[in-house]
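Each chain, written out:
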Amino acid sequence: MKRIEDNFKSFPIMETERTILRPITYSDLEDIYRYCSVPEVSRYTVWDVHKSIEDTKAFIDFVLNRYETQNVGPWGIELKESKKIIGSCSYVSWDNKNLRAELGYVLSNHYWNQGIMTEVIRRIIEHGFKDLELVRIEARCLPINLGSSKVMEKTGMKYEGLLRKYIWVKNDFQDLKIYSIIKEDFERLFKESPSIS
């Protein structure tokens with residue numbers, strides 16, 4: 001059986017119309033700190049706002065360790081126009097036996113509502129079904145995170161329900177909305193709209 005980790009031994013670099021999806025490095029420190037230090041950006045995430053550049057360095061340490069130990073790790077979202085990292089996206093968990101993975105993502109607030117994250121998630125969904133041969137890709141978000149819900153819906157994911165008091169984050173138990181797309185959905189969407197890639 002194909003393992004997701006095997007596909008990342010040589011980290012897959014991908015492109016969308018406006019971005020390059022590539023590994024994160026220490027040279028991205030300032031770019032990542034720029035958006036991770038904005039309270040609005042971390043409001044809906046499981047991690048806290050970066051209060052210093054050291055917090056961002058610790059995050060990059062974690063990412064590089066993940067590349068090293070698990071192969072699978074986040075793509076930095078590099079804007080072609082500026083060559084700056086403006087966010088990241090990753091398979092935050094995966095299940096090789098059941099051929100499914102969960103996506104997580106974050107984007108600088110300066111680039112919200114421009115369709116960039118939708119573009120990125122579509123490309124990663126395509127990668128998941130075509131290259132990793134996944135059967136299901138899912139993502140979750142806080143109910144108040146309307147922007148994230150919109151991204152999931154625009155990329156063909158379907159709302160499946162509310163996971164009540166599912167996660168302890170920001171000092172409270174939080175509900176999560178769960179969305180998914182299965183391979184058949186993707187193949188139908190791709191047939192109808194080849195531009196999904």
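Shown above is the structure to which this text applies.
Note that this is a predicted model, so its numbers are computed, not measured. (Residues numbered from 1 in each chain as written. Predicted model: local features only at pLDDT ≥ 70, side-chain atom pairs only at ≥ 80, totals over all residues. Heavy atoms only, no water.)

Turning our attention to the overall build of the chain. In terms of regular secondary structure, the chain is built from 7 helices and 8 strands. Relative to a compact globule of 197 residues, whose C-alpha radius of gyration would be 16 Å, the chain shows 16 Å and is just as compact. Dimensions of the chain along its principal axes, counting C-alpha atoms only, are 45 × 40 × 35 Å. In the chain, buried positions account for 48% of the 197 residues. Counted over contacts in the chain with a minimum sequence separation of 6, partners at least 24 positions apart contribute 63%. Taken as a whole, the chain presents about 10600 Å² of accessible surface, with 51% of it coming from carbon and sulfur. Seen as two clouds, the 30 positive and the 30 negative side-chain charges of the chain have centres 3 Å apart. (Helix = DSSP H or I, 4+ residues; strand = E, 2+ residues; numbered from the N terminus. Rg over C-alpha atoms; globule rule 2.2 N^0.38 Å. Buried < 20%, exposed > 50% of the residue type's maximum accessible area, 1.4 Å probe, protein only. Contact = heavy atoms within 4.5 Å. Areas by Shrake-Rupley, 256 points an atom, 1.4 Å probe, with all protein chains shown as cover. Lys, Arg positive; Asp, Glu negative; His and termini not counted. Charge placed at Lys NZ, Arg CZ, Asp CG, Glu CD.)

Quick look at the nonpolar core now. Tyr91, Leu103, Ile124, Ile125 and Met157 are the most contacted members of the largest nonpolar core, which totals 46 residues. Sequence-distant contacts of Ile124, defined by excluding residues within four places in its chain, comprise Met14, Leu21, Trp75, Cys89, Tyr91 and Leu103. (Core = buried A, V, L, I, M, F, W, Y, C linked by side-chain atoms within 4.5 Å.)

Turning to the sheet that holds strand E3 (residues 75-79), a few remarks are in order. With mixed pairing, the 8 strands of this open sheet are ordered in space as E1-E2-E3-E4-E5-E6-E8-E7. The open sheet has two edge strands, strand E1 (14-15) and strand E7 (158-169), and neither has a second partner. Of the pairings in the sheet, the one linking strand E2 (residues 19-23) to E3 comprises 5 bridges and is antiparallel in character. Counterpart to Leu21 in the pairing with E3 is Ile77. In this fold helix H2 (residues 29-36) packs onto strand E4 (84-95) and strand E5 (100-107), with an angle of close to 80 degrees to the strand it touches most, E4. (Pairing = 2+ DSSP bridges. Axes fitted to C-alpha atoms, helices over the stretch in contact; angles between N-to-C directions.)

Applying the stated rule across the entire model yields 0 disulfides. Here Cys36 stays free of any disulfide, with the sulfur of Cys89 as its closest cysteine sulfur at 14 Å. When its relative accessible area of 3% is taken as the criterion, Cys36 is described as buried. Free of any disulfide, Cys141 has its nearest neighbouring cysteine sulfur in Cys89, separated by 14 Å. For Cys141, a relative accessible area of 4% corresponds to the buried category. (Disulfide = S-S within 2.5 Å.)

This paragraph deals with H2. Where H2 is concerned, the buried positions are Asp31, Ile32, Tyr35 and Cys36. In an axial view of H2, the angular spread of the buried residues amounts to 120 degrees, which keeps them on one side of the axis. (Arc of directions from axis to C-beta.)

By the secondary structure assignment, Glu68 is in helix H4 (residues 53-70). Between the C-alpha atom of Glu68 and that of Lys9, which follows or precedes it by 59 residues, the distance is 9.3 Å.

Before going further, it helps to examine unusual backbone geometry. For Asn113, which is not glycine, the phi dihedral falls at a positive 60 degrees. The residue Lys170 is not glycine, and still its phi comes out positive at about 55 degrees. By relative accessible area, which is 32% here, Lys170 ends up partly exposed.

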